[in-house]
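Coordinate analysis (summary)
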Amino acid sequence: MNVLVTGGLGYIGSHTVVELIKAGHEPIIVDDLSNAKRNVLDRIQMITDIRPTFYELDCKNVEGLRKVFFNHEIDAVIHFAAYKAVGESVQKPLQYYRNNLDSTFSLLEVMEEYNCKKF
């Protein structure tokens, strides 16, 4: 199963990617690297002997997401791409709402276009 993992180079996302690979799935990672580092790909490869496909992309970028879905037959999506710092979210609530909701809406829109129903 091809599984799109947004925020897949973050802590929880990268651990999920490792477990997906161990279970025989093919993860495709989308991450804008705002809260992660590209070298996490190397660590995933060291653990699994597989280097997953990676797109440096903001999930609010609908056209970019369409390219990912066009290039891969995505069967399911696990969405970890979000801002999550509690203190900062209180200081900047609109920025958090805009990022977390807009990225989710963009992702759901493209999933609908490509008939991907597992979220």
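Coordinates for the structure precede this section.
The following paragraphs examine the structure supplied in this document. Here the structure is a predicted model, which is why all the values come from computation and not from measurement.

What counts, and where the lines are drawn
- Residues numbered from 1 in each chain as written.
- Predicted model: local features only at pLDDT ≥ 70, side-chain atom pairs only at ≥ 80, totals over all residues.
- Heavy atoms only, no water.
- Buried < 20%, exposed > 50% of the residue type's maximum accessible area, 1.4 Å probe, protein only.
- Helix = DSSP H or I, 4+ residues; strand = E, 2+ residues; numbered from the N terminus.
- Pairing = 2+ DSSP bridges.
- Right-handed = clockwise from strand over helix to strand, strands pointing away.
- Arc of directions from axis to C-beta.
- Contact = heavy atoms within 4.5 Å.
- Polar contact = N/O pair within 3.5 Å; in protein donor to acceptor, adjacent residues only side chain to side chain.
- Axes fitted to C-alpha atoms, helices over the stretch in contact; angles between N-to-C directions.
- Parallel < 35°, antiparallel > 145°, perpendicular 65-115°, else oblique.
- Left-handed = near helix turned anticlockwise from the far one by under 90°.
- Nonpolar A, V, L, I, M, F, W, Y, C, P; charged D, E, K, R; others polar.

1. Let's talk about the pairing of strand β1 (residues 2-6)
Of all 5 residues making up β1, 5 are buried, and the element is well covered by its neighbours. Burial along β1 is two-sided: the face carrying Asn 2, Leu 4 and Thr 6 and the face carrying Val 3 and Val 5 are both buried. Here 5 bridges tie β1 to strand β2 (residues 26-31), and the two strands are oriented parallel to one another. Its bridge partner lying in β2, Leu 4 is registered against Ile 28. Taking the sense of rotation as the criterion, the β-α-β connection linking β1, helix α1 (residues 11-22) and β2 turns out right-handed. Summarising the sheet, β1 and strand β4 (residues 76-79) pair through 4 bridges and their orientation is parallel. From the neighbouring strand, Val 3 faces β4, where its bridge partner is Ala 76.

2. A short note on the pairing of β2
Where burial is concerned, most of β2 is hidden: 5 out of the 6 residues are buried. Sheet topology note: the β2/strand β3 (residues 53-56) ladder contains 4 bridges and is parallel. The residue of β3 that forms the bridge with Ile 29 is Phe 54. Taken together, β2, helix α2 (residues 40-48) and β3 constitute a β-α-β crossover, and its handedness is right-handed.

3. Here we look at helix α3 (residues 62-71)
Where α3 is concerned, the buried positions are Val 62, Gly 64, Leu 65, Val 68 and Phe 69. Down the axis of α3, the smallest arc covering the buried residues is 160°, so these residues share one side. More than 90 degrees from the buried face of α3, the exposed residues found are Lys 67 and Phe 70. Turning to α3, the residues buried within the fold contact β1, β2, β3, β4 and α5 (93-113). The N-cap residue of α3 is Asn 61: its side-chain oxygen and the backbone nitrogen of Glu 63 are 3.3 Å apart.

4. Digging into the packing of α1 against α2
Following both chains from N to C, one finds α1 and α2 inclined at 30°, their axes separated by 10 Å at the closest point. As the angle between them shows, α1 and α2 are arranged roughly parallel. Pair α1 / α2 crosses with right-handed handedness. Contacts from Ser 14, Val 17, Val 18 and Ile 21 in α1 reach Val 40, Ile 44, Ile 47 and Thr 48 in α2. Residue composition of the contact of α1 with α2, grouped by class: 6 nonpolar, 2 polar and no charged.

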